[in-house]
Amino acid sequence: MLRDCLDDKLESNVIDFLQSCQDPNGGYGGGPGQMPHLATTYAAVNTIITIGGERSLTSINRKKLHSFLLRMKDASGGYRMHDGGEVDVRACYTAISVASILNILDDSLIQNVGDYILSCQTYEGGISGEPGSEAHGGYTFCGLAAMVLINEADRLDLPGIINWLVFRQGIECGFQGRTNKLVDGCYSFWQGGVGAIIQRLHSTINKQLGLPDTFRYDDRTVEENDSSNSNGEQSSEGPSSPTQDLCHHEDEGIPNANQGYDFIQGPVSMKPLFNNIALQQYILLCSQEEAGFRDKPGKRRDHYHTCYVLSGLSICHYANTKDADSPPLGRDIVGPYNNLLEPIHPLYNIVLDKCLEAHQFFARSVILD
């Protein structure tokens with residue numbers, strides 16, 4: 001995301017470590033010899049894809065991983081985080097996300113997941129972790145992203161999600177995770193990611209509202225006259241366009257195999273649902289610490305918040321771009337234009353060019369019997 005790279009030795013060590021965490025029966029544990037868990041499986045797979053390259057991507061035993069995901073499937077339609085663990089929307093998302101990006105998402109994994117997630121949408125409009133609980137930013141992202149990946153987003157009350165989301169950005173400019181809670185830097189992604197996904201669901205939202213699908217986005221491209229950033233500096237070219245010249249591979253026997261890929265190819269048809277400039281100000285002025293990011297002033301930096309705050313910052317940078325190949329204008333970047341981060345795929349939270357490399361790689365073969 002920072003357009004930096006790991007040295008070869010560190011990359012190799014990370015791949016070796018994650019292989020040692022891969023359970024013989026599928027999935028990844030938090031460390032060598034630990035039980036496989038959906039959260040650590042999601043983290044491991046995203047890390048492997050972020051490293052990229054054949055050695056990294058071939059280290060995943062997709063067939064065993066598919067078996068692990070099936071074992072975590074619950075009769076309710078949801079997923080358990082681990083053997084005997086809790087069933088919640090987070091588990092649904094991590095399972096579906098991993099299966100989707102690895103091209104192993106089939107009907108057996110999708111069955112009744114949509115029913116479970118739908119049962120978790122609350123009267124507020126957001127999505128809770130389990131039926132009867134409170135709407136929460138993390139679970140709303142997980143539920144919405146999973147429903148898009150299984151092509152069932154139209155079953156959710158999308159206007160309800162919008163109504164809940166737009167009231168979660170506080171006077172401090174950051175996002176809160178729940179009603180009447182304090183803002184937290186990590187929700188820059190969890191809530192900001194919901195906004196980024198919603199921007200690509202305009203037709204479905206109009207249909208739910210009974211409106212004609214005639215809205216036209218106010219195009220903003222680098223050819224416009226106002227190409228300076230918030231400091232008055234002229235913008236340079238942004239990150240390369242990762243979707244250019246990429247072949248679309250068709251997958252035999254795997255429904256929904258291209259859902260995540262197709263989603264990011266579609267145009268953005270709505271303006272941002274939150275103030276992306278104000279959120280950047282919270283991130284840079286309140287959440288940033290030297291060499292890392294934190295929840296809020298008074299807290300300490302940590303890897304979790306550094307990851308999700310940076311992901312939220314990337315969402316902010318590209319909030320006004322029309323499609324995946326369009327670099328943002330300087331006026332959408334707080335500070336100098338070289339603050340610009342790489343774009344991420346909002347459904348997976350993986351840098352876009354790495355995500356598309358994985359799509360291309362795993363589209364070559366179908367491993368299911």
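Treat the numbers as computed from the prediction; the structure is a model and nothing was measured. (Residues numbered from 1 in each chain as written. Predicted model: local features only at pLDDT ≥ 70, side-chain atom pairs only at ≥ 80, totals over all residues. Heavy atoms only, no water.)

Caption draft 1: Quick look at the overall build of the protein chain. For the protein chain, the helix and strand inventory stands at 15 helices and 6 strands. By the burial criterion, 55% of the 369 residues in the protein chain qualify as buried. A separation of at least 24 residues holds for 69% of the contacts in the protein chain among residues at least 6 apart in sequence. A total of about 16100 Å² of accessible surface is found on the protein chain, and carbon and sulfur atoms cover 48% of it. (Helix = DSSP H or I, 4+ residues; strand = E, 2+ residues; numbered from the N terminus. Buried < 20%, exposed > 50% of the residue type's maximum accessible area, 1.4 Å probe, protein only. Contact = heavy atoms within 4.5 Å. Areas by Shrake-Rupley, 256 points an atom, 1.4 Å probe, with all protein chains shown as cover.)

Caption draft 2: Region of interest: the nonpolar core. Counting residues in each nonpolar core, the largest one holds 85 residues, and the members touching the most others are Tyr79, Leu102, Leu144, Ile198 and Leu201. The leading source of residues in this core is helix H5 (residues 89–101), at 9 residues. Formed by 5 residues, the second largest nonpolar core is a distinct cluster that contains Tyr261, Ala324, Leu352 and Leu356. (Core = buried A, V, L, I, M, F, W, Y, C linked by side-chain atoms within 4.5 Å.)

Caption draft 3: Fine view of the packing of aromatic side chains. Counted according to the given criterion, the structure contains 10 aromatic pairs. Measuring from centroid to centroid gives 5.3 Å for Tyr93 and Phe141, while their planes differ by 70°, and the two rings are edge-to-face. In this pair, Tyr93 is assigned in helix H5 and Phe141 in helix H8 (residues 137–149), connecting sequence segments 48 residues apart. Using a relative accessible area of 1% as the deciding quantity, one classes Tyr93 as buried. Geometrically, the ring pair formed by Phe189 and Tyr308 is tilted, given 5.7 Å between the ring centres and 40° between the ring planes. One end of the pair, Phe189, is in helix H10 (residues 187–198); the other, Tyr308, is in helix H14 (residues 303–317), with 119 residues separating them in the sequence. The pair formed by Phe189 and Tyr308 is uniform in burial state, with each residue classed as buried. (Phe/Tyr/Trp six-rings, centres within 6.5 Å; stacked < 30°, edge-to-face > 60°.)

Caption draft 4: Representation of the side chain of His136 in the model. Secondary-structure assignment places His136 in the loop between helix H7 (113–118) and H8. The exposure class of His136 is buried, given its relative accessible area of 17%. Only 2.9 Å separates the side chain of His136 from the backbone nitrogen of Gly138, close enough to count as a polar contact. Beyond its immediate stretch of four places on either side in the chain, His136 contacts Ile127, Trp164, Gly177, Arg178 and Tyr187. (Polar contact = N/O pair within 3.5 Å; in protein donor to acceptor, adjacent residues only side chain to side chain.)

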